[in-house]
Each structure stands twice: as C-alpha cells, then as structure tokens.
Amino acid sequence: MAVEQMTVTVMEAVENNSLNLVWTVLDLELKAYAKEHHVPIIVDEGLALLEQIIRISKPKHILEIGTAIGYSACRMARVSGSHITTIERNPEMIEKALDTFKRSGFENQIRLIECDALEAFDLVKDTAFDLIFIDAAKAQYQKFFELYTPLLTSNGIVVSDNMSFHGLVHQDNYETQSRSVRGLIRKLTSYQDFLLKHPDYDTSIFELGDGVAISVKKD
Ligand code: SAH
Ligand code: MG
C-alpha cells in the first residue's frame, strides 16, 4: 500500500474511533515498562480470556485487587465501558497507575483506592460489583475472596489470576524451591481447593496464561 493511502486509512480509523492511537501507544509503553521493571502484569492469553468474560457478562462495576501500573484496569475499562474500582498499596505503583489513568482517556471510568486491600473494605462497601478480579499478594487470595465476595451481585463472577504462579504450581521440582516459594505454592493450591469445593460458586480453572480461575456465583 502506498504511504499516502496508508495515511488516509489510519486517519479514517482514528476519526471513526476504531483506532485509539493514544491508547495503542500507551499499551505498548506499559508492556515495555512492566518488562523492564519486572512488574507482573497479566499475560496476553489470560487477558484475552478476561476480556471475553467482560464482553459476555457486561459488568457494570468491576473490583480489581492489585492495580500495579494500571495496565489491566485500563484494558478492562476499554472493553465495555465498565466502571473499575481498583486497589493498590504500593506507593510507587500508585504513582505510576495515576499517571497511566490520566493519560489513558479512561480516567473517568476508574477509581483508585490507595490502601492495603485487606483494609479497604469500608471504602468500597457501598458498591455492588458484578465482577471481582483478584490479582494481588498470592498468599492472601482466600482472604480477599472472603472479604469482597459479599459485595458481588447474583451471578457475579470472580476471576483469580496467577493460579499457576509463573508455572511453578504444577512443576515437579517443588522440593527444590525455596521455603517461601513452597509456602506460596501450598497457599495457591489450597485456594484452588477452596474455590472448587465452595458450595456457592461454580469454579473452573484454566491453564492458560498464568492460570486463571473463573468462579461464577450460583443463583
Ligand atoms: N493487575 C495488574 C498486576 C497486579 S501485580 C495487571 O495485570 O496489570 C500485583 C499488585 O498487587 C502489586 O502492584 C502489589 O503491590 C499489589 N498488592 C499486593 N498485595 C496487595 C494488598 N494486600 N493490597 C493492595 N495491593 C496489593
Ligand atoms: Mg497477575
């Protein structure tokens, strides 16, 4: 395609809003930042699943536990116009996330709660959530689940990321891992057991991305 033609095509895409250039650039920048600074943002495959769940279930309000640099929050906001409440405790991450939200064009859809998620319940308890995305300290997943699921609407969905803990959960070399890693693996395994046995939820665990658990609240 000639350059002039390509320019016209890009301009048309921008005009009819099928190409959000600001977000396209920021998306790449955030991925590069995460890689360079070892921030564990959601991997593409897990994100694709999460986005499809959002397209299908059209949640009005999403609660995210673990904002980091604001990558997944923006991706979720972008899919369906949902409102996102997202909780982060690390001041460095908070600063970066606020900058992300300001530049993303999704600022009006996203509320950042600057607090430890184990202490933030009172700050969000007046909102009903249709989807909760748990993606913070792996050892605390069950606590997050028990604390925040009372705010879930009927047929609400809980998505838990990193069920494979960067591939470590199902590896044979469990014995050779450090004590702390073994502790986390045990916690994640027992969380999965907790989800699968929970009488009020139907849970499936998918080994795509870094392992994603999807729990749907029963009627
Ligand atoms: N959801 C993000 C990645 C989150 S990484 C994305 O996919 O783009 C996990 C984040 O959770 C880290 O930034 C960490 O600081 C935060 N975190 C861990 N435990 C937390 C807690 N108890 N309360 C609030 N934030 C927590
Ligand atoms: Mg994650």
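Coordinates for the structure precede this section.
None of these values were measured; they are calculated from a predicted model.

A few points about the packing of helix α7 (residues 141-148) against helix α8 (residues 179-197)
Running from amino to carboxyl end, α7 crosses α8 at an angle of 35 degrees, the nearest separation of the two axes being 9 Å. Residues Y141, Q142, F145 and E146 of α7 pack against L188, Y191, F194 and L195 of α8. Considering only residue class, the contact of α7 with α8 consists of 6 nonpolar, 1 polar and 1 charged.

Let's talk about the coordination of the magnesium ion (ligand 2)
Coordination of the magnesium ion (ligand 2) by the protein comes from D135 (OD), D161 (OD) and N162 (OD1), over a distance range of 2.1 Å. By relative accessible area, which is 5% here, N162 ends up buried.

Re the site of ligand 1
By nearness alone, 21 residues border ligand 1, and I42, G66, E88, A117 and D135 come closest of all. Here a nitrogen atom of ligand 1 and a side-chain polar atom of E64 are 3.4 Å apart. Between D135 and ligand 1, the recorded distance is 2.7 Å, taken from a side-chain N or O atom to a nitrogen atom. Mapped by element, the contributors of at least two residues to the shell around ligand 1 are α4 (71-80) and β2 (83-88). By residue class, the composition of the shell around ligand 1 is 12 nonpolar, 4 polar and 5 charged.

Regarding unusual backbone geometry
One non-glycine residue with positive phi stands out, namely A68, at about 50 degrees. Counting through the fold element by element, A68 comes out in the loop between β1 (61-65) and α4. The exposure class of A68 is buried, given its relative accessible area of 18%. Of note in the backbone geometry, N155 takes a positive phi value of approximately 65 degrees without being a glycine. If you trace the backbone, N155 turns up in strand β5 (residues 152-160). For N155, a relative accessible area of 42% translates into the label partly exposed.

What about the packing of aromatic side chains?
Centre distance and the angle of the planes are the two values used to describe a pair of aromatic rings. All chains considered together, the criterion is met by 7 aromatic pairs. Residues W23 and F106 carry aromatic rings whose centres are separated by 5.7 Å and whose planes lie at 65 degrees to one another, so their mutual orientation is edge-to-face. One end of the pair, W23, is in helix α2 (residues 21-37); the other, F106, is in the loop between α5 (91-104) and β3 (110-114), with 83 residues separating them in the sequence. Like F106, W23 is buried.

The rules behind each value
Residues numbered from 1 in each chain as written. Chains lettered and ligands numbered in written order. Predicted model: local features only at pLDDT ≥ 70, side-chain atom pairs only at ≥ 80, totals over all residues. Heavy atoms only, no water. Axes fitted to C-alpha atoms, helices over the stretch in contact; angles between N-to-C directions. Helix = DSSP H or I, 4+ residues; strand = E, 2+ residues; numbered from the N terminus. Contact = heavy atoms within 4.5 Å. Nonpolar A, V, L, I, M, F, W, Y, C, P; charged D, E, K, R; others polar. Donors = N, O, S within 2.8 Å, 3.2 Å for Na, K, Ca; no water. Buried < 20%, exposed > 50% of the residue type's maximum accessible area, 1.4 Å probe, protein only. Near = heavy atom within 4 Å. Polar contact = N/O pair within 3.5 Å; in protein donor to acceptor, adjacent residues only side chain to side chain. Phe/Tyr/Trp six-rings, centres within 6.5 Å; stacked < 30°, edge-to-face > 60°.

Everything listed here is a matter of geometry and, on its own, says nothing about what the molecule does.
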